[in-house]
Amino acid sequence: MNSFETDLIQEKETEGDVIKKQDLSFTSNGLKLYGTLWEPKNSIQKGLFFVTSSQGNDRSGTNAEASYFADLGYTVFNYDKRGTGKSEGNWQSATIEELCSDDINAIAFFAKATRLPLSEIGIKGSSQGGIKIPYILTKMPELKFGISISCPSGTLLESDLNYWKNTNVYQVGQENIIVAEKVQKAGYDYLANNLSYKKLNSIKNKYVNQDWFKYVWIPEENITKDYKLNFSGIPYFKKISQPILVIQGQSDIVIPGNSYKIIEKALKKSESKKYEILTLDNTTHSMTYLDKEFPYFQTLSPKYLVSITEWLKIIEN
């Protein structure tokens with residue numbers, strides 16, 4: 001699973017006044033993957049790697065932050081995960097472990113391309129990327145630190161179910177939401193290969209005539225299973241030794257509200273001596289700020305990047 005070829009193929013190079021960008025490609029597990037190397041004008045000889053996240057998101061989603069940290073002097077690398085952007089492969093059928101294998105190979109490629117030791121490279125990820133952070137840190141103990149944003153404390157299935165509940169509670173009604181949630185969980189359990197189709201169909205037939213059932217998603221029998229839904233980062237938070245920063249928005253409707261507390265309990269059992277848990281008020285899953293006076297104009301939470309920058313100054317000293 002963890003094969004890695006070290007070809008360095010430059011796709012495109014541009015140079016601005018401050019940051020030099022190179023579009024590069026490398027091979028991981030037989031797939032050609034594409035990424036961008038961000039080289040600062042005034043390098044501090046430290047690296048930051050962006051772990052890939054969920055769904056079909058490519059590297060463009062982290063370009064703004066890559067530029068921000070390159071301005072701080074970090075050499076940065078982000079890439080299109082398999083099956084997104086220019087990269088080959090299929091992310092839908094891949095397991096978390098397989099996607100993490102690509103991340104690990106990308107980090108090794110990043111280190112070789114820049115000649116930065118792993119001990120001077122940190123990793124950052126959000127949502128599904130956040131849940132992968134502790135796993136990668138345990139697999140690559142030489143890495144310097146991790147930053148985990150909007151990370152669920154349970155499985156990805158539990159987070160998907162929590163999001164479904166929060167976005168459908170008003171349509172379904174408070175009086176029906178508990179039963180409806182159980183039915184939706186059965187749908188997700190089948191998708192994750194935790195439940196037989198016979199059992200799912202039995203549950204479906206029991207409630208199909210309820211008014212709220214139209215808000216429940218029931219997968220088809222031949223749907224491709226998504227084993228990623230069963231992954232949890234908690235066992236790996238207990239095993240890490242590196243410094244780690246965990247940030248959760250208090251207006252996050254995706255992950256359970258107590259996720260940061262459960263993660264903190266796990267970290268207390270780890271060998272990490274420098275961890276910090278940070279919660280941000282009025283901040284969503286994507287770290288945007290909810291201004292009640294202007295709810296349709298969401299901007300990045302003002303404390304988000306500032307807090308990361310301050311934390312980095314502490315652990316880099």
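As the structure is a prediction and not an experimental result, all values here were calculated from the model. (Residues numbered from 1 in each chain as written. Predicted model: local features only at pLDDT ≥ 70, side-chain atom pairs only at ≥ 80, totals over all residues. Heavy atoms only, no water.)

K.L.:
How should the packing of helix α2 (residues 96–114) against helix α3 (residues 128–139) be read in this particular structure?
P.N.:
Helix-helix packing: each pair is described by the crossing angle between the helix axes and the interaxial distance. Packing of α2 against α3 brings their axes to within 10 Å, and their N-to-C directions diverge by 65°. In the crossing of α2 with α3, the sense of the turn from one axis to the other is right-handed. Of α3, the residues touching α2 (which contributes Ile96, Glu97, Leu99, Cys100, Asp103, Ile104 and Ile107) are Gln128, Lys132, Tyr135, Ile136 and Lys139. (Axes fitted to C-alpha atoms, helices over the stretch in contact; angles between N-to-C directions. Helix = DSSP H or I, 4+ residues; strand = E, 2+ residues; numbered from the N terminus. Left-handed = near helix turned anticlockwise from the far one by under 90°. Contact = heavy atoms within 4.5 Å.)

K.L.:
Whenever I open this one, the state of the cysteines confuses me. Can you help?
P.N.:
In protein chemistry, a disulfide is the covalent bond that joins the sulfur atoms of two cysteines. Tallied over the full model, the rule gives 0 disulfides. Summary of cysteine pairing: Cys100 is not part of a disulfide, and the nearest cysteine sulfur, belonging to Cys151, is at 11 Å. Exposure remark for Cys100: the relative accessible area of 0% places this residue in the buried category. (Disulfide = S-S within 2.5 Å. Buried < 20%, exposed > 50% of the residue type's maximum accessible area, 1.4 Å probe, protein only.)

K.L.:
Explain the pattern of salt bridges here, please?
P.N.:
Pairs can form between side chains of opposite charge once their charged atoms are near each other. A complete count under the given rule lists 12 salt bridges for this structure. Across the salt bridge formed by Lys124 and Glu65, the nearest N and O atoms sit 2.8 Å from each other. Of this pair, Lys124 sits in strand β6 (residues 121–126) while Glu65 sits in helix α1 (residues 63–71), and the two are 59 residues apart along the sequence. Judged by relative accessible area, Glu65 falls into the buried class, the value being 16%. (Salt bridge = Lys/Arg side-chain N within 4 Å of Asp/Glu carboxyl O.)

K.L.:
Help me understand the pairing of strand β3 (residues 31–40) in this model?
P.N.:
Successive side chains on a regular strand alternate, one facing one side of the sheet and the next facing the other. When you tally the buried positions in β3, you get 8 out of 10 residues, the bulk of the element. Pairing of strand β2 (residues 19–28) with β3 involves 10 bridges; the strand directions are antiparallel. Looking at β3, one finds that Leu24 is bridged to Gly35. Following β2, the chain reverses through 2 residues before pairing antiparallel with β3; Asn29 in that reversal takes a positive phi of roughly 50°. Where β3 and strand β5 (residues 75–79) come together, 4 bridges link them in antiparallel fashion. Paired with Trp38 across the bridge in β5 is Val76. (Pairing = 2+ DSSP bridges.)

K.L.:
Please clarify how the nonpolar core should be interpreted in this entry.
P.N.:
In summary, soluble globular proteins display a tendency toward joint burial of nonpolar side chains. Residues Phe49, Phe77, Ile123, Ile136 and Phe237 are the most contacted members of the largest nonpolar core, which totals 61 residues. It is α2 that contributes the most residues to this core, 8 residues altogether. Contacts of Phe49, omitting those with residues within four sequence positions, involve Phe77, Tyr79, Asp103, Ala106, Ile107, Phe110, Ile121, Gly122, Ile123 and Lys124. Within the second largest apolar cluster, 23 residues are counted, among which are Leu48, Phe69, Tyr74 and Leu278. (Core = buried A, V, L, I, M, F, W, Y, C linked by side-chain atoms within 4.5 Å.)

K.L.:
Just checking my understanding: could you explain the packing of aromatic side chains for this structure?
P.N.:
In this description, an aromatic ring pair is defined by two values, namely the gap between the centres and the angle between the planes. Using the criterion set out here, one finds 18 aromatic pairs in the structure. Ring-pair connections join several aromatic residues into one group, and the members of that group are Phe26, Phe49, Phe77, Tyr79, Phe109 and Phe110. (Phe/Tyr/Trp six-rings, centres within 6.5 Å; stacked < 30°, edge-to-face > 60°.)

K.L.:
Looking at this structure, I do not really get the layout of surface pockets. What am I missing?
P.N.:
Rolled over the atoms, a probe with the dimensions of a water molecule shows which regions are left empty. Size it by volume and the largest pocket reaches roughly 1200 Å³. Ser53, Ser54, Gln55, Asn57 and Ser127 are, among the 45 residues lining the largest pocket, the residues nearest its centre. At the level of secondary structure, the elements contributing two or more residues to the lining of the largest pocket comprise α1, β5, β6, α4 (156–172) and α5 (177–191). No other element matches the 4 residues that α4 contributes to the lining of the largest pocket. Residues of the lining of the largest pocket, tallied by class, amount to 18 nonpolar, 19 polar and 8 charged. (1 Å grid on protein atoms, 1.4 Å probe; cavity = no way out; pocket = protein on both sides within 12 Å on 5 of 7 lines; lining within 4 Å. Points joined across faces, edges and corners; volume = space filled by probe spheres on them. Nonpolar A, V, L, I, M, F, W, Y, C, P; charged D, E, K, R; others polar.)

K.L.:
Whenever I open this one, the pairing of strand β4 (residues 47–50) confuses me. Can you help?
P.N.:
Neither face of β4 is exposed, since Gly47 and Phe49 on one face and Leu48 and Phe50 on the opposite face are all buried. Looking at chain direction, β4 and β5 are connected through 3 bridges and run parallel. Bridge pairing links Phe49 to Phe77 in β5. For the segment spanning β4, α1 and β5, crossover handedness is right-handed. Two strands pair when backbone bridges link them, and β4 and β6 are joined in this way by 4 bridges, in the parallel orientation. Within the sheet, the bridge partner assigned to Gly47 lies in β6 and is Ile121. (Right-handed = clockwise from strand over helix to strand, strands pointing away.)

Honestly, that's just the spatial picture; any functional story needs more than this.
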